[in-house]
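Spelled out, the chains give:
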Amino acid sequence: GETFVVSAAAGSVGHLAGQIAKALGARVVGIAGSDEKATMLVRDLGFDAALNRKSADFRNEFRAATPDRIDVYFDNVGGPILDAALRRMAVGGRIVQCGTASVASWAETPTGPRVEREILTRRLVWSGFVVLDHKSRLEDAVAALAAWYADGRITLDEDISEGIEAAPGALTVERFRDTRRRYWMDRLDRPDRTEGPLAGSHKRRHPRLSLSWLWTSPARGGESAVPEFQLHCRDRASRSRARSRWG
């Protein structure tokens, strides 16, 4: 029954955080970067409301979407969206700080509104969230997520490419600019799990090969961003075959 708001709600973290909150009985409001994404959150993922942060009337729309204020704010961006959410928090509200995507650089400390008074008068609890701190609960989390996925309470939008041969063409700048997708997967081998909550999962590492990528520009996904791909081979024979095939 609480109001849960998540920023970057159409992203790989935000769209799952919102669906988990919905599965636990919250009223969920998502904040995204376009009308298309906001529509998708409500239509496809079951959010109760979603807003375009770029709207000229965002603050009024935010107020209208949170008439009972915010009990939990799951923040992935920081910056002005966080400033706006702080002023919509309910007394005793909780803020989960999972990311600061709106801050381009921490080389110089960014400035903004002072927040001490909001924390004091609203008696807020503000905590950082790093998933590795909770690895002892991984088995329980995977079981819950698998059950919610099985009964349709969690929806995933996957774009899967088969085999290492497909990787160079699959991991392109254009693909990562596809705003309809939240995450991509390049499958190196066939599913072989036969038991446990991830039975049938394709998220298995290749015994000899793995592929990783990183952006060479801070403006991830921007016009100047170029992905750099790294193929890691775990034995000499695999390295030799990869070198002869891809250089």
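Residues numbered from 1 in each chain as written. Predicted model: local features only at pLDDT ≥ 70, side-chain atom pairs only at ≥ 80, totals over all residues. Heavy atoms only, no water.

1. Points about the pairing of strand 5 (residues 89-97)
For a regular strand, side chains alternate in direction, first toward one face of the sheet and then toward the other. When strand 4 (residues 70-75) meets strand 5, the two strands line up parallel, connected through five bridges. Paired with aspartate 75 across the strands is glutamine 97, a residue of strand 5. Once the chain exits strand 4 it traverses helix 4 (residues 79-86) before rejoining the sheet at strand 5, and the crossover so formed is right-handed. The pairing of strand 5 with strand 6 (residues 125-128) spans four bridges and is classified as parallel. Bridge pairing in strand 6 links arginine 94 to valine 125. (Pairing = 2+ DSSP bridges. Helix = DSSP H or I, 4+ residues; strand = E, 2+ residues; numbered from the N terminus. Right-handed = clockwise from strand over helix to strand, strands pointing away.)

2. Things to note about the packing of helix 3 (residues 58-65) against helix 4
Here helix 3 crosses helix 4 at 45 degrees, and the two axes come no closer than 11 Å. By the criterion of interaxial angle, the relationship of helix 3 to helix 4 is oblique. For the element pair helix 3 and helix 4, the recorded crossing hand is right-handed. Contacts between helix 3 and helix 4 involve Phe58, Arg59 and Phe62 from the first element and Ile81, Ala84 and Ala85 from the second. Its residues placed into classes, the contact of helix 3 with helix 4 shows five nonpolar, no polar and one charged. (Axes fitted to C-alpha atoms, helices over the stretch in contact; angles between N-to-C directions. Parallel < 35°, antiparallel > 145°, perpendicular 65-115°, else oblique. Left-handed = near helix turned anticlockwise from the far one by under 90°. Contact = heavy atoms within 4.5 Å. Nonpolar A, V, L, I, M, F, W, Y, C, P; charged D, E, K, R; others polar.)

3. Brief notes about the pattern of salt bridges
Scanning the model with the defined rule gives seven salt bridges in all. For aspartate 48, the salt bridge is made with lysine 22, and the minimal N-O distance between the two is 2.8 Å. Here aspartate 48 is found in the loop between helix 2 (35-45) and strand 3 (49-52), whereas its partner lysine 22 is found in helix 1 (residues 14-23), with 26 residues between them in sequence. What makes aspartate 48 partly exposed here is its relative accessible area of 36%. Here aspartate 151 ties to arginine 153 by a salt bridge, and the two come within 3.1 Å at their closest N and O atoms. Through salt bridges with shared partners, one network takes in Arg87, Glu118 and Arg122. (Salt bridge = Lys/Arg side-chain N within 4 Å of Asp/Glu carboxyl O. Buried < 20%, exposed > 50% of the residue type's maximum accessible area, 1.4 Å probe, protein only.)

4. Regarding the confidence of the model for the chain
Residues at a pLDDT of 70 or more form 68% of the chain, whose mean pLDDT is 80. Low pLDDT, under 50, characterises residues 189-209; the predicted model gives this stretch 42 contacts beyond four residues in sequence or across chains. Scored below 50 in pLDDT, residues 211-229 makes 40 contacts in the model with residues more than four places away or belonging to other chains. (pLDDT = per-residue confidence, 0-100.)

5. Observations regarding the side chain of aspartate 75
For aspartate 75, the position within the fold is in strand 4. Buried within the structure, aspartate 75 lacks any salt-bridge partner; its nearest side chain of opposite charge belongs to arginine 53, at an N-O separation of 10 Å. (Lys, Arg positive; Asp, Glu negative; His and termini not counted.)

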